[in-house]
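Examining the three-dimensional arrangement
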Amino acid sequence: MSRESSSRKVILVVSDGMAYDAAVNGMGYLMHLVEFKLASLYKVQGELPTLSRPMYETIHTGMPVSEHGIVSNGVVRLSKVPNIFKLAVSAGKTTAAAAYYWFSELYNHAPYDRINDREVDDESLLIQHGRFYVPDEYPDLELFSTTGMLVRKYSPDYLLSHPSGMDYNGETYGSNTPAYRKTATRQDSHLSNLIPEWLEMGYVVLFTGDHGVNADGGHGGTTPDVRYVPLYIIRPGVKGKGDTGETVSMMQIAPTVCKLMGVPIPETMKMPPLV
């Protein structure tokens, strides 16, 4: 089985630690797009456990952890199943990422070499143009600037942007703090200066999170504050649905990206796309 659509380039922003309520309450620009139906907003029920590396793989494979096998942050190996990067490269498309080094370990090389793997431009890799960082406190401004550079320099068909400010400040101070809430607003401000350019270039932009953070600064469990994340879909020249009020599965993100890019959706992605 495969399902195809007309091809679009896609930028997926995965804001680490971005809870649904933090986005809706703090991201004024994205919510403006929702309010004027220039974007569609969904509430995403994340898979379990609500940990980063397992959810990176779920977002990119459309599979639960019991199937893709990345069951904890301690599983350090390459992905063994169909994923967005592999499917895009197999279809002759260009990929890029500005992201935490765990993405390099999932899709390029494992374990990560801080010198050789930090910056890569190699068409034989799944993430062909990669810029990876190690410190959890890596500035979001620098991450988004790198994202913008990759877009302008390489015009990739699929690009992952992965800021960690929400996760770092959430784990350091807890979610019910100014530090956590203000980080959402700052990320929104950074994106407001980038998204119009990306739409003008013909990109579909998706924004989501991998998990939220609780008041104690933790995640990994099942409570709504760590499990529910936002999904904004912004399509150039296509009217959005506004706030859909729908709760969807995290496993629908991968087939949605594949459909937008015109890449065949594999049998392993069992959930339907959202577009």
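**Comments concerning the overall build of the protein chain**
- Within the protein chain, the secondary structure is distributed over 12 helices and 9 strands.
- The C-alpha radius of gyration of the protein chain comes to 17 Å, within 12% of the 19 Å expected for a compact globule of 275 residues.
- The principal-axis extents of the C-alpha atoms in the protein chain amount to approximately 45 × 40 × 35 Å.
- In the protein chain, which comprises 275 residues, the share counted as buried stands at 59%.
- The contacts of the protein chain with a sequence gap of at least 6 include a subset with a gap of at least 24, amounting to 71%.
- Accessible area for the protein chain stands at about 10,900 Å²; split by element, carbon and sulfur atoms hold 50% of it.
- If the 24 positive side-chain charges of the protein chain are averaged to one point and the 30 negative ones to another, these points end up 5 Å apart.

**Topic: the nonpolar core**
- By size, the foremost hydrophobic cluster in this structure holds 83 residues, and its most contacted members are Leu-30, Tyr-158, Leu-160, Trp-198 and Leu-206.
- For this core, the element with the highest residue contribution is helix 12 (residues 253-261), accounting for 6 residues.
- Apart from the residues within four sequence positions on either side, Leu-30 is in contact with Asp-188, Ile-195, Phe-207, Tyr-232 and Ile-234.

**Concerning the sheet that holds strand 9 (residues 242-249)**
- Reading across from one edge, 4-5-3-6-1-7-8-2-9 is the order of the 9 strands in this open sheet, with mixed pairing throughout. Each of the sheet's edge strands pairs with one partner strand only, and the pair in question is strand 4 (119-121) and strand 9. This sheet shows a mean twist of 15° between the axes of neighbouring strands, independent of strand direction.

**With respect to the packing of helix 7 (residues 140-154) against helix 9 (residues 178-192)**
- Across the interface, helix 7 lies against helix 9 with an axial gap of 10 Å and an inter-helix angle of 25°. In terms of orientation, helix 7 lies roughly parallel with respect to helix 9. Regarding helix 7 and helix 9, the two cross each other, and that crossing is right-handed. Residues Asp-140, Leu-141 and Phe-144 of helix 7 form the contact with helix 9, whose own contacting residues are Thr-183, Gln-187, His-190 and Leu-191.
- By residue class, the composition of the contact of helix 7 with helix 9 is 3 nonpolar, 3 polar and 1 charged.

**Brief notes about the pattern of salt bridges**
- For the structure on display, the rule yields 4 salt bridges.
- Taking the shortest distance from any N to any O, the salt bridge between Asp-121 and Arg-131 comes out at 3.1 Å. Here Asp-121 is found in strand 4, whereas its partner Arg-131 is found in strand 5 (residues 129-133), with 10 residues between them in sequence.
- The class of Asp-121 is partly exposed, set by a relative accessible area of 45%.

**Brief notes about helix 12**
- With 8 of 9 residues buried, helix 12 lies mostly within the body of the structure.
- When we look at burial in helix 12, the residues that qualify are Ile-253, Ala-254, Pro-255, Thr-256, Val-257, Cys-258, Leu-260 and Met-261.
- Downstream of helix 12 by a residue or two, Gly-262 has a phi angle that is positive, lying close to 75°.

**Section: the confidence of the model for the protein chain**
- Here the protein chain averages 97 in pLDDT, and 98% of its residues register 70 or above.
- Here residues 1-5 scores under 50 on pLDDT; set against residues more than four positions off or in separate chains, the count is 15 contacts.

**Concerning the packing of aromatic side chains**
- Counted according to the given criterion, the structure contains 12 aromatic pairs.
- With 4.2 Å between their ring centres and 25° between their planes, Tyr-56 and Phe-103 make a pair best called stacked. You can see Tyr-56 sitting in helix 3 (residues 52-61) and its partner Phe-103 sitting in helix 6 (residues 101-107), a full 47 residues away along the chain.
- Here the aromatic cluster, defined as three or more aromatic residues joined through ring pairs, consists of Tyr-56, Tyr-100, Tyr-101, Trp-102, Phe-103, Tyr-112, Phe-132, Tyr-133 and Tyr-138.
- Here Lys-43 stacks its cationic end above the ring of Tyr-20, 4.8 Å away from the centre of that ring.
- The ring of Tyr-228 carries the charged tip of Lys-43 above its face, separated from the ring centre by 5.2 Å.

**Some thoughts on the packing of helix 8 (residues 165-173) against helix 9**
- Viewed as axis vectors pointing N to C, helix 8 and helix 9 meet at an angle of 170°, and their least axial separation amounts to 8 Å. In terms of their interaxial angle, helix 8 and helix 9 are classed as roughly antiparallel. When helix 8 is examined against helix 9, the residues Gly-165, Met-166, Asn-169, Gly-170 and Tyr-173 are found in contact with a partner set consisting of Ala-179, Tyr-180, Thr-183, Ala-184, Arg-186 and Gln-187.
- Looking at the contact of helix 8 with helix 9, its residues break down into 5 nonpolar, 5 polar and 1 charged.

What counts, and where the lines are drawn
- Residues numbered from 1 in each chain as written.
- Predicted model: local features only at pLDDT ≥ 70, side-chain atom pairs only at ≥ 80, totals over all residues.
- Heavy atoms only, no water.
- Helix = DSSP H or I, 4+ residues; strand = E, 2+ residues; numbered from the N terminus.
- Rg over C-alpha atoms; globule rule 2.2 N^0.38 Å.
- Buried < 20%, exposed > 50% of the residue type's maximum accessible area, 1.4 Å probe, protein only.
- Contact = heavy atoms within 4.5 Å.
- Areas by Shrake-Rupley, 256 points an atom, 1.4 Å probe, with all protein chains shown as cover.
- Lys, Arg positive; Asp, Glu negative; His and termini not counted.
- Charge placed at Lys NZ, Arg CZ, Asp CG, Glu CD.
- Core = buried A, V, L, I, M, F, W, Y, C linked by side-chain atoms within 4.5 Å.
- Pairing = 2+ DSSP bridges.
- Axes fitted to C-alpha atoms, helices over the stretch in contact; angles between N-to-C directions.
- Parallel < 35°, antiparallel > 145°, perpendicular 65-115°, else oblique.
- Left-handed = near helix turned anticlockwise from the far one by under 90°.
- Nonpolar A, V, L, I, M, F, W, Y, C, P; charged D, E, K, R; others polar.
- Salt bridge = Lys/Arg side-chain N within 4 Å of Asp/Glu carboxyl O.
- pLDDT = per-residue confidence, 0-100.
- Phe/Tyr/Trp six-rings, centres within 6.5 Å; stacked < 30°, edge-to-face > 60°.
- Lys NZ or Arg CZ within 6 Å of the ring centre and 35° of its normal.

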